[in-house]
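# Notes for the structure review
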Amino acid sequence: MTARHDGEYSLAELPLGREGRVRAIEVGAELRRRLQEMGVIVGTIVRLTRIAPLGDPLEIEVRGYRLSVRRADARGIHLAHDPAGEALTAPMAAPAVA
Amino acid sequence: MSDVAPTAIGRSTLLRVAVAGNPNSGKTTLFNALTGLRHHVGNYPGVTVEKREGRLTGAGAPVTLLDLPGTYSLSARSPDERVARDALLGRMAGAEAPDLTLVVVDAANLERNLYLGAQVLELGRPVVIACNMLDMAEAAGLRVDCAALSAALGVPVVGTVGTRRIGLEALRASLLRPSPRTRPVRGWRLPDAIETAVGELARTLMELRFCDAASADGAALLLMVDHWDAAPLLPEAEDLPSRVRDEIAAARRQIIAAGTHDLPSLVVEQRYAWIGRVVQRAVGPTSPGAAGRERISDRIDRVLTHRVFGALAFAAVMFLMFVAIFSGAEPLMGMIEAGQGFVQDAFRTALPPGPLCDLLADGVIGGVGAVVVFFPQICILFLFIALLEDSGYMARAAFLMDRLMQGVGLHGKSFIPLLSSYACAVPGIMATRTIENPRDRLATIMVAPLMSCSARLPVYITIIGAVFGASLWLKAGVIFAMYVVGTVAALLMAAVFKRTVLRGPRATFLLELPPYHLPRPGAILRAMWDRSRLFLTRAGTIIAALCVVMWALAYFPRHPTAWSEADRRAKARLSTAGLDPAAVARGAEVPDEVRADLKRIRDEAAGEQLRHSWIGRLGHVVEPALRPLGFDWKIGVGILSSFAAREVFVSTMGVVYNVGSGDDDTTPLRERMRAARWESGPRAGGPIYTTAAGLSLMVFYVLCCQCVSTLAVVRRETNSWRWPAIMFTYMTVLAYVGSLAVYQVGTRLGGGLS
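The following refers to the structure shown.

Conventions used here
Residues numbered from 1 in each chain as written. Chains lettered and ligands numbered in written order. Predicted model: local features only at pLDDT ≥ 70, side-chain atom pairs only at ≥ 80, totals over all residues. Heavy atoms only, no water. Helix = DSSP H or I, 4+ residues; strand = E, 2+ residues; numbered from the N terminus. Buried < 20%, exposed > 50% of the residue type's maximum accessible area, 1.4 Å probe, protein only. Contact = heavy atoms within 4.5 Å. Areas by Shrake-Rupley, 256 points an atom, 1.4 Å probe, with all protein chains shown as cover. Pairing = 2+ DSSP bridges. Buried area = accessible area lost by both parts, 1.4 Å probe. Salt bridge = Lys/Arg side-chain N within 4 Å of Asp/Glu carboxyl O. Axes fitted to C-alpha atoms, helices over the stretch in contact; angles between N-to-C directions. Left-handed = near helix turned anticlockwise from the far one by under 90°. Nonpolar A, V, L, I, M, F, W, Y, C, P; charged D, E, K, R; others polar. Expected span 1.5 Å × (residues − 1). Bend = angle between axes of the 7 residues up to and from the residue.

## With respect to the overall build of chain A
Counting its regular elements, chain A contains 2 helices and 6 strands. Moving toward the C terminus, one meets the helices and strands of chain A in the order β-β-α-β-β-β-α-β. The proportion of buried residues among the 98 residues of chain A is 55%. Considering only contacts in chain A between residues 6 or more positions apart, those separated by 24 or more positions represent 55%. Accessible area for chain A stands at about 4300 Å²; split by element, carbon and sulfur atoms hold 59% of it.

## Quick look at the sheet that holds strand β1 (residues 9-10) of chain A
Sheet architecture is open: 7 strands sit in the order β1(A)-β6(A)-β2(A)-β3(A)-β4(A)-β5(A)-β10(B), paired in antiparallel fashion. The two strands at the open ends of the sheet, each matched to only one other strand, are β1 of chain A together with β10 (510-512) of chain B. Strand direction decides the pairing type here: strand β2 (residues 19-25) of chain A and strand β3 (residues 45-51) of chain A, joined by 3 bridges, are antiparallel. By the bridge assignment, A:Arg21 is partnered in β3(A) with A:Ile45.

## Things to note about the side chain of A:Arg34
Within the secondary structure, A:Arg34 sits in helix α1 (residues 29-37). Its relative accessible area of 16% is what places A:Arg34 among the buried residues. In contact with A:Arg34, not counting residues within four places along its chain, are B:Arg77, B:Ser78, B:Glu81 and B:Leu510.

## Here's the deal with the interface of chain A and chain B
It is common to give the size of an interface as the accessible area lost on bringing the parts into contact. At the interface, 32 residues of chain A touch 45 residues of chain B. Interface area, chain A with chain B, both sides summed: about 3600 Å², of which 52% is carbon and sulfur. In this structure, the connection of chain A to chain B is made through 8 salt bridges. B:Asp262 is the partner of A:Arg33 in a salt bridge, and the nearest nitrogen-oxygen pair spans 3.3 Å. The set of elements that each furnish at least two residues to the side of chain A that touches chain B consists of α1, β3, β4 (58-62), β5 (65-69) and α2 (71-74) of chain A. Among the elements that line the side of chain A that touches chain B, the one with the most residues is α1(A), at 9 residues.

## Digging into the packing of helix α31 (residues 708-718) of chain B against helix α32 (residues 722-748) of chain B
Residues and elements named next belong to chain B. One way to put it is that α31 packs onto α32 with a least axis distance of 7 Å and a crossing angle of 145°. Taken as a pair, α31 and α32 cross one another with a handedness that is right-handed. Facing Thr710, Leu711, Val714, Arg715 and Thr718 of α31, the residues of α32 in contact are Trp723, Pro724, Met727 and Phe728. When its residues are assigned to classes, the contact of α31 with α32 shows 6 nonpolar, 2 polar and 1 charged.

## What to know about helix α14 (residues 355-372) of chain B
Helical periodicity: at 3.6 residues per turn, an α-helix aligns residues three or four positions apart in one direction. All names here are of chain B. Helix length check: α14, at 18 residues, gives a terminal C-alpha distance of 24 Å against a target of 26 Å (1.5 Å per residue), a fit within 8%. Bending of α14 peaks at approximately 30° at the position of glycine 366. Residues Cys357, Asp358, Ala361, Gly363, Ile365, Gly366, Gly367, Gly369 and Val371 constitute the buried set of α14.

## Here we look at unusual backbone geometry
The omega torsion across A:Asp56 and A:Pro57 is -5°, close enough to zero to call that bond cis. By the element assignment, A:Pro57 lies in the loop between β3 and β4. Here the bond from B:Phe556 into B:Pro557 is cis, since omega is -15°, no more than 30 degrees from zero. By secondary structure assignment, the location of B:Pro557 is in the loop between α22 (521-555) and α23 (562-576). Residue A:Arg63 is not a glycine yet carries a positive backbone phi of 50°. Of note, A:Arg63 is situated in the loop between β4 and β5. Unusually for a residue other than glycine, B:Arg165 sits at a positive phi of about 55°. Tracing the sequence through the fold places B:Arg165 in the loop between β8 (157-159) and α6 (168-176). A relative accessible area of 53% means that B:Arg165 is categorised as exposed.

Structure follows, in structure tokens:
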């Protein structure tokens, strides 16, 4: 469950403005339960929307609302390459290929 | 599980409605609108969770509404959540389960809001859902179909906009009209082996009358999930009947044996999967592509959480708040003090002189005044906090400051309570209520009094005047240094607390950043008033009582001759001036030099009395302990009397040095202090107020917990005397050690400092 494969990374490594799908949550028990209750569960799509001026914490969008998590905790939220989200690896402002 | 239990609701009897919902769901706005702002605010027994109850207006039948704390879930892992769960299960002392639960959900954020909704629905009792903030949903490009939602959930769903009072009539009507559930209590199922284990636990709960039959399945599921992880996540363990405990453990073994090792995750996933299906049937875009628009909140946030502008805006807001608390309250505090003086004079004129008159005028009125004088500062701070919370900026402030507070193990939300403690720790400690995690909250409370508050300023000024002279830069530098000492001590102690007594799983920082709202004046004033009033009723009584005790310690025992002697000397002075004492008592003219002599006689008698009182004697008793800090017994008396409130130091020193207590001008006092010499010991004949002693004394005042109001508020906020006792002890020790270090190092540094 902890093995990392190519194309997988944590929420802390997600580029600003990009989305990823939660693959596993490996944080302390209390935070893990809270995250789950707040709707961050395996399979949920999260987007990194903002980083605080001092570099921490992060703001993510999940299920249509904004949630702030610390960078250290975000490292435990593993994301998977989302087959539907090609934009994940492509630059955001990439011009559409005609 | 499929049996539906509609409870018949008699029209003539009182109907009790609980109002549940997520934070930021507009629950309180809706509650206020339904009760017409006429409600009672208090605390739940044994916890500092705010309890608000009110009557439903315009209903034509008696209906009470109970506003539950805003929570994201019913898992009892925080005091708020436990109160919400226990109130819904009828397990709060002296209250049955509510007849009906109104769940307020944010239409713009339906999935996460329905998570709590699902847990309430699973408790099997009648539910009405208010689908609130429909306007916000529409602005976000979402169209919510309340009829479809109602069909999917099996309970009435009423669309509302609480801020504009839309949908209130329909909501009132559906609260009064019982409607049977048209769907199973739980819309999703677990694997059979788990359902069997949960069912067995539910039967036990029913047998033990832990909750009623309808709620048993939902309650069993909540308990299973809450007690799944080995360590209890809430510091104080839950007091479950031992049979329930055993049953939970047995069910857990059964479920693990059947191959499920992480039941909580499974339950959450199943719930959200079901919610996903419900939402899909009820929510769609207002127009194709409308859901992707950039929200106004995002545009505001691009400025307010910007690296430069965000920091500037934050600094400006904090500065404004600080100035408002510090100086805005001053005229009002002056008025309160003047009013207090007026009432005291009125008592003195109306009553014959004697202990009773002194008790009422100085003890009781003084004690009440000590409470009321904080009220303006508290109101202003709570006004700001209500404004910040209602607008949504409070969450951004925590978002901005969290990185700084993390270093000492605190939470972003600790920043505002600590900052406002620069004005006064009492409102600062009350402001920690916004911190959900009990350990983080306690750590913040425990260090807040180290932040140098405004009551210390007169003390600093008096000492600086006696020791450092009049140089403005030196004065400002020393005062600034004291603020730095207090702040550094607070941050260090927070780190110490978080690593020792308040150690626990690393603080969770999980904060919703709700969309910005235009603050509504009515709601803000209401929130300010509710919280400020709690201070008067809860902490005020303790503060006033302790002030009377402190007064008595300085008043008794009475000096046998000082006052009669003073009386005799005053009469003698009047007759040498050729004046008739009886005429003077009636208000006859007295020449200035005679008046000054009379004041001197009175001041000397007051000094004798203080030295004779319990506090005066204690000053002598503690002198050996204070000598290493550079303090004589007179400073000891000043310090002891300051345990009621720090600013008392100035007036007490005035009395000790026979210059009276009532003057605004402390020049005579400063001169006496400068002239003070050691009467005995190795330094006999040398000045008492050296630079080292002055700094030592100021550091003592920075670090020592000399404020009964703070201790009383901590007692109220933590519901035990344990934490105020720990606070008092550690701060006194810290002050002693700090002063000792300053004085010993200072005197050894040589002549320049002494």
